[in-house]
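Breakdown of the fold
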Amino acid sequence: MNKIFLLILMTFSAYAEEPKVIYQYKKYEKFDLGDLEVKGQLIAPGDLSVRERERRRFELDLYNRADFDSNIKHDINTLR
Amino acid sequence: MKLIALLFIASTALASEVKWKDVPEASKLAEQGFIFAALDAQIRFLSTQKDYESSDLELLEELVLKTSVEALEDYDRKVLAKLPIGSVQFLLGRESWREKNTAQAQKWLVNVPRWHRYYPEARFLMADMASDAGNVSSRESYQAQCVEAAATRAGEVNSALLKRYYTVLAEDCLTLEARKLYKIGKFQEAIEAYGKISKRAYKWPFLLLEKAWSYYNLKDYNRSLGLLVTYKAPLMESYFLPEAEVLTALGYFRLCLYDDALVVIDQFYTNYKPRTETLEATLNAQKSSQTYFYELMALSAKERNRLHPFIGQLATQIGQRPRFALDQASLAKVKEESNRLAQVFENLSSKDKARRWMKESMAQLKAVEENLVGRINYHAKKDMFAFIQDVYSLSEELFKVKLEIISRKKDLVYGSKKLISDRGRGSFGQVKRSRFEAFWKFHGAFWADELGDFSFGLASNCSTVRKEEVISE
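Please read all numbers here as calculations on a predicted model, not as lab measurements. (Residues numbered from 1 in each chain as written. Chains lettered and ligands numbered in written order. Predicted model: local features only at pLDDT ≥ 70, side-chain atom pairs only at ≥ 80, totals over all residues. Heavy atoms only, no water.)

Across its full length, chain B carries 20 helices and 2 strands. Each principal axis of the C-alpha atoms in chain B carries an extent, and together these give about 115 × 50 × 45 Å. Per-residue burial over chain B gives 49% buried out of 473 residues. For chain B, contacts bridging at least 24 residues in sequence account for 68% of all contacts bridging at least 6. Of the accessible surface of chain B, which amounts to about 24200 Å², a share of 54% is contributed by carbon and sulfur atoms. For chain B, the distance from the average site of its 69 positive side-chain charges to the average site of its 62 negative ones is 1 Å. (Helix = DSSP H or I, 4+ residues; strand = E, 2+ residues; numbered from the N terminus. Buried < 20%, exposed > 50% of the residue type's maximum accessible area, 1.4 Å probe, protein only. Contact = heavy atoms within 4.5 Å. Areas by Shrake-Rupley, 256 points an atom, 1.4 Å probe, with all protein chains shown as cover. Lys, Arg positive; Asp, Glu negative; His and termini not counted. Charge placed at Lys NZ, Arg CZ, Asp CG, Glu CD.)

As structure tokens, then:
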């Protein structure tokens, strides 16, 4: 019972305290960037450069004779 | 020719007068010139014996040497294995080698005695097996024995067929060394080993391609291309090797002469491929025939060329092999003997007890004849279909070269570059030669042995230059 009473009381008090706030934004603001001073260390490189490098090429596995083993067998078989 | 006919009539008359016993006698048959029938009779006789008389084995050896070892191919291996003669041991060793049973092959072949006709070939097989097993010293030793024995016998024998057989065998054994050096990457040594084979050798035109591969791997593309151009000589008309075209295209490609490589590739596709397709269609229709390829080999060069130009050239190559000549000679012998035996058989009275075994001998001769025809047919067919297969697989390889050229040309365009092509087509300065090679410029000179020593003088075109900017005004 006490708890219900306390809840009703809190609800009414909340309604009674709500202030009327009006927000206003700046319509115009000017920044003078030249006048700004930033303190700190410059760590970026002075100028940007890209080193040209050879593009990686993928060559097809072209035919090459590893051995003549099949020719040896052929020679033996064609002897007689 | 008249003399042969007279001898034939005389021996037939003599044979018909002989009183044949109820059982075949090998020595009597051999005396009458029935060597295939005598061989059969001797094997049948020996297969019933437990111990062998040395004279019986000597007769068997003599008969095998007269007929050829192939006449034994139809007999039961278990029967043959009991006969301790060099020819049988060679045959069984060769069978085991074909079955890749090295231990067994070695066991048989090592017993072939030094004096034996098949000794050099047995050593060749042993050299091949030693090489496959990675045993270099044994390979070298067997190979040297093969070369020495085969070359000596080539100078001793009177028969043209045997002379050729031994000559080719000696060349094969010499080639083995070059091929093994190539396999382990010793290309310069391989070239020197190929150089030991005479230009007059039967194998020499085929070895040009192998030598060209050695130069290619040494990056001497000019010499490689020079060797390959030898195949264009009219003298080499019957030697057409599709692999030579592939190596030519690769040589040009490595020199960055892309347009030249493309010309070779296009020629391959317009020349070899369609012709191979028609060849395949012609041969496929007969592939199950047991005699078509044998009959093809019996046709004249003109008739074969009329069927298909490739058939003519392939048949010429096959016909130059010793095996073909030996098989043809054996076939002629067995046919002639078969006819003579049939004549003797017809002259026997119907009650003669020799009729029974003679009938069996005639059947055996027929089987040997069919075996020889089948061998010729099989090997000709195998070689022709292997050629077709080669053309197809090599055309795939050429296609890869073409793709690579297209890719490189594309890179040049994207990189605004071009190949440095402001130069002449070649110069003597580009020709590499060893200190042992004389250099003839052939200005007004002609040397008959120039084939196989050509070299191109092309400079590599692989440097690139930036394309000049074109400014449109």
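Here the narrative resumes, following the displayed structure.
Assigned secondary structure in chain A consists of 2 helices and 0 strands. With 80 residues in all, chain A has 14% of them scored as buried. Carbon together with sulfur atoms contributes 57% to the accessible area of chain A, which is approximately 8700 Å² in total.

What follows covers the packing of aromatic side chains. Each aromatic ring pair is summarised here by two numbers: the centre-to-centre distance and the angle between the ring planes. Residues and elements named next belong to chain B. A complete count under the given rule lists 18 aromatic pairs over all chains for this structure. Relative to Tyr-118, the ring of Phe-90 has its centre 4.8 Å away and its plane inclined at 20°; by these criteria the two rings are stacked. Of this pair, Phe-90 sits in helix H6 (residues 86–98) while Tyr-118 is found in the loop between helix H7 (102–109) and helix H8 (119–132), placing the two residues 28 residues apart along the sequence. Where Phe-253 meets Tyr-258, the ring centres are 5.9 Å apart and the plane angle is 40°; that geometry is what we call tilted. Here Phe-253 matches Tyr-258 in class, with each residue buried. An aromatic cluster is present here, built from Phe-268, Tyr-269, Tyr-272, Phe-310 and Phe-387 joined pairwise through their rings. Geometry around Trp-20 places Lys-28 over its ring, the cationic atom sitting 5.9 Å from the centre. A cation over an aromatic ring shows up here: Arg-340 above the ring of Phe-34, its NZ or CZ 4.5 Å from the ring centre. (Phe/Tyr/Trp six-rings, centres within 6.5 Å; stacked < 30°, edge-to-face > 60°. Lys NZ or Arg CZ within 6 Å of the ring centre and 35° of its normal.)

Moving on, we get to helix H4 (residues 54–67) of chain B. Residues and elements named next belong to chain B. Taking 1.5 Å of rise per residue, the 14 residues of H4 would be expected to cover 20 Å, and the 20 Å separating its terminal C-alpha atoms lies within 8% of that figure. Every buried residue of H4 is accounted for by Asp-56, Leu-57, Leu-59, Leu-60, Glu-61, Leu-63, Val-64 and Thr-67. In this structure, the buried side of H4 is in contact with helix H2 (26–31), helix H3 (35–47), H6 and helix H19 (322–347). Ser-68 sits one or two residues past H4 and shows a positive phi near 110°. (Expected span 1.5 Å × (residues − 1).)

Residues and elements named next belong to chain B. Inspection of every chain in the model, using the stated rule, returns 28 salt bridges over all chains. The salt bridge involving Arg-114 is made with Glu-148; its shortest N-O contact spans 2.9 Å. One end of the pair, Arg-114, is in the loop between H7 and H8; the other, Glu-148, is in helix H9 (residues 136–156), and 34 residues separate them in sequence. Residue Glu-148 is classed as partly exposed on the basis of its relative accessible area of 40%. The partner of Arg-340 in a salt bridge is Glu-336, with the nearest N and O atoms 3.8 Å apart. Here the residue Arg-340 and the residue Glu-336 both occupy positions in helix H19, the gap between them amounting to 4 residues, near one helical turn. For Arg-340, a relative accessible area of 5% translates into the label buried. (Salt bridge = Lys/Arg side-chain N within 4 Å of Asp/Glu carboxyl O.)

Moving on, we come to the interface of chain A and chain B. Each side of the interface is counted separately: chain A has 25 residues, and chain B has 48 residues. Buried area between chain A and chain B, summed over both chains or domains, comes out near 3300 Å², and the portion from carbon and sulfur atoms is 52%. Counting the surface chain A buries against chain B, the share from its top three residues, A:Tyr63, A:Leu79 and A:Arg80, is 28%. Joining chain A to chain B, the criterion identifies 7 salt bridges. Across the contact surface, chain A and chain B share 14 residue pairs in polar contact (both at pLDDT 80 or more). Looking at side-chain class alone, the side of chain A that touches chain B contains 9 nonpolar, 5 polar and 11 charged residues. (Buried area = accessible area lost by both parts, 1.4 Å probe. Polar contact = N/O pair within 3.5 Å; in protein donor to acceptor, adjacent residues only side chain to side chain. Nonpolar A, V, L, I, M, F, W, Y, C, P; charged D, E, K, R; others polar.)

All names here are of chain B. Summed over all chains, the structure comprises 2 disulfides over all chains. The disulfide partner of Cys-146 is Cys-173, and the S-S distance across this bridge is 1.8 Å. Negative torsions about the S-S bond denote left-handed disulfides, and the value of about 65° found for Cys-146 with Cys-173 makes this one right-handed. Of this pair, Cys-146 sits in helix H9 while Cys-173 is found in helix H10 (residues 160–183), placing the two residues 27 residues apart along the sequence. Accessibility expressed as a relative area gives 0% for Cys-173, which makes it buried. Sulfur-sulfur distance for the disulfide between Cys-256 and Cys-462 comes to 1.9 Å. As the torsion about the S-S bond is roughly 95°, the Cys-256-Cys-462 disulfide counts as right-handed. (Disulfide = S-S within 2.5 Å.)

Moving on: helix H20 (residues 354–414) of chain B. With 61 residues, H20(B) should cover 90 Å at 1.5 Å per step; its first-to-last C-alpha distance of 90 Å lies within 8% of that length. Backbone geometry just after H20(B) places B:Ser416 at a positive phi near 50°.

Once that is clear, we can look at a nonpolar patch on the surface. On the surface, a cluster of nonpolar side chains totalling about 350 Å² of accessible area is made up of A:Leu60, B:Phe399, B:Leu403 and B:Ile406. Relative to the elements of secondary structure, B:Ile406 occurs in helix H20. (Patch = residues over 30% accessible without salt bridge, like charges linked within 9 Å, V, L, I, M, F, W, Y side chains within 5 Å.)

A few words now on the side chain of B:Ser87. Residues and elements named next belong to chain B. For Ser-87, the location among the structural elements is in helix H6. Of the polar contacts made by the side chain of Ser-87, one reaches the side chain of Glu-61; its length is 2.3 Å. Ignoring any residue separated from it by four or fewer positions in sequence, one finds Ser-87 in contact with Glu-61, Val-64, Leu-65, Val-69, His-116 and Tyr-118.

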